[in-house]
Structure formats: C-alpha cells, structure tokens
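Remarks on the overall topology
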Amino acid sequence: MLAAATEEDREQIYRIRHQVYASELGQHVENEAGELRDRLDEFNTYVVAKIAGKVVGFVSITPPGE
C-alpha cells in the first residue's frame, strides 16, 4: 500500500533512518533515542510503502525553497 505518512509512520521513518544512516553506514552518530531527524522534517512530505501496516519503504519530498 502507498500512502501519505501519518505521525506514527514518521516515527518509524526516523527509526529506519537511524538504523541505516547511523548504525549501518556510520554517516551519523548513533543516539540513545534511536532516531534520526533533521530540520527538513518540519517541511518534508513523506510517502510510505507499507506491508501489513509496517513501513517497508519511503520517499521524502522537500518543497522548493526549503
């Protein structure tokens, strides 16, 4: 299923980003919260792919000017 991300989906996205970019790739420092957020999250729109209610993929869309 493809859909616009809900607040719950966003929480999953932040955890996925931390897992990939901090834990696996080491591009960011791991943190106790286990979440990776940035200032663009205030503006980004996310589209998520879900299987059985779990986020399995996502795309972020940043509007022009941000």
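This text goes with the structure placed above it.
Report follows, based on the coordinates. (Residues numbered from 1 in each chain as written. Predicted model: local features only at pLDDT ≥ 70, side-chain atom pairs only at ≥ 80, totals over all residues. Heavy atoms only, no water.)

**Some thoughts on the nonpolar core**
Let me state the cut-off plainly: To define a nonpolar core, start from buried Ala, Val, Leu, Ile, Met, Phe, Trp, Tyr and Cys residues and group those joined through side-chain atoms within 4.5 Å. Burial here depends on accessible area, computed with a 1.4 Å probe over protein chains only, as a share of the maximum for the residue type. Under 20% is buried, over 50% is exposed, and the range in between is partly exposed. Under the scheme used here, helices are H or I runs from DSSP no shorter than 4 residues and strands are E runs no shorter than 2 residues, and both carry numbers assigned from the N terminus. Residue contacts are defined here by distance: any two heavy atoms, one from each residue, within 4.5 Å place the two residues in contact.
Ranked by size, the top nonpolar core spans five residues in total: I13, Y14, Y46, V48 and V55. Among the secondary structure elements, those contributing two or more residues to this core are α1 (7-24) and β2 (45-51). Ignoring any residue separated from it by four or fewer positions in sequence, one finds I13 in contact with A5, Y46, V48 and F58.

**Thoughts on the packing of aromatic side chains**
Going by this rule: Side-chain rings of Phe, Tyr and Trp (the six-membered ring for Trp) are treated as a pair once their centres are within 6.5 Å; stacked means planes under 30 degrees apart, edge-to-face means over 60, and tilted covers the remaining angles.
The full count for this structure, using the stated rule, is one aromatic pair. Measuring from centroid to centroid gives 6.1 Å for Y46 and F58, while their planes differ by 65 degrees, and the two rings are edge-to-face. Highlighted residues: Y46 in strand β2 and F58 in strand β3 (residues 54-61), separated in sequence by 12 residues.

**With respect to the sheet that holds β2**
Worth spelling out the cut-off: When DSSP finds two or more bridges between a pair of strands, those strands are recorded as paired. Axes here mean lines fitted to C-alpha atoms, for a helix over just the part in contact, with angles spanning 0 to 180 degrees between N-to-C directions.
One open sheet accounts for three strands, arranged β1-β2-β3; its pairing is antiparallel. Each end of this open sheet is capped by a strand with a single partner; those strands are β1 (2-4) and β3. Geometrically, the sheet is characterised by an average inter-axis angle of 30 degrees between neighbouring strands, direction not taken into account.

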